[in-house]
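Listed here are the chains, written in short residue letters.
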Amino acid sequence: MFYRKDYQAPSFELPETKLTFHLHPTKTVVDAELSFQNCDISKPISLDGKGLKLIQINLDKYELDKDSLTFLPPKTDFTLKTTVEINPKENTALNGLYL
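Residues numbered from 1 in each chain as written. Predicted model: local features only at pLDDT ≥ 70, side-chain atom pairs only at ≥ 80, totals over all residues. Heavy atoms only, no water.

### Points about the pairing of strand β2 (residues 28-37)
Reasoning step 1: Here strand β1 (residues 13-22) pairs with β2 via eight bridges, running antiparallel. Note on β2: the bridge partner recorded for Leu 19 is Ala 32.
Reasoning step 2: Hairpin geometry of β1 and β2 is characterised by an intervening segment of five residues between the two adjacent antiparallel strands.
Reasoning step 3: Pairing geometry for β2 and strand β7 (residues 78-86), over nine bridges, is antiparallel. (Pairing = 2+ DSSP bridges. Helix = DSSP H or I, 4+ residues; strand = E, 2+ residues; numbered from the N terminus.)

Structural data, given as structure tokens:
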């Protein structure tokens, strides 16, 4: 459970996101470009990634677990490029991309 009193503003701005979907019922590929600005390079950024298989990323250092991708910003302004694979047919959570 999340409480409003626990909210903290993000340590970055994300003014632009570009997504390209290559749709398939069991193997959809998503290319993403996230344009980060004004990052605090001392604070890690964590992105949710439950149900995603990371195929490609333009960072050298990052931590990946089954639910998230975490990394320190390489500089205050940068573009993160990723390619992930998802299986919409197996998504029973009814959020994100599903059939």
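### Quick notes on a negative patch on the surface
Reasoning step 1: Negative charge collects at one region of the surface, where Asp 48, Glu 63, Asp 65 and Asp 67 lie side by side.
Reasoning step 2: Within the fold, Glu 63 resides in strand β5 (residues 63-64).
Reasoning step 3: Assessed through its relative accessible area of 60%, Glu 63 is described here as exposed. (Patch = residues over 30% accessible without salt bridge, like charges linked within 9 Å, V, L, I, M, F, W, Y side chains within 5 Å. Areas by Shrake-Rupley, 256 points an atom, 1.4 Å probe, with all protein chains shown as cover. Salt bridge = Lys/Arg side-chain N within 4 Å of Asp/Glu carboxyl O. Lys, Arg positive; Asp, Glu negative; His and termini not counted. Charge placed at Lys NZ, Arg CZ, Asp CG, Glu CD. Buried < 20%, exposed > 50% of the residue type's maximum accessible area, 1.4 Å probe, protein only.)

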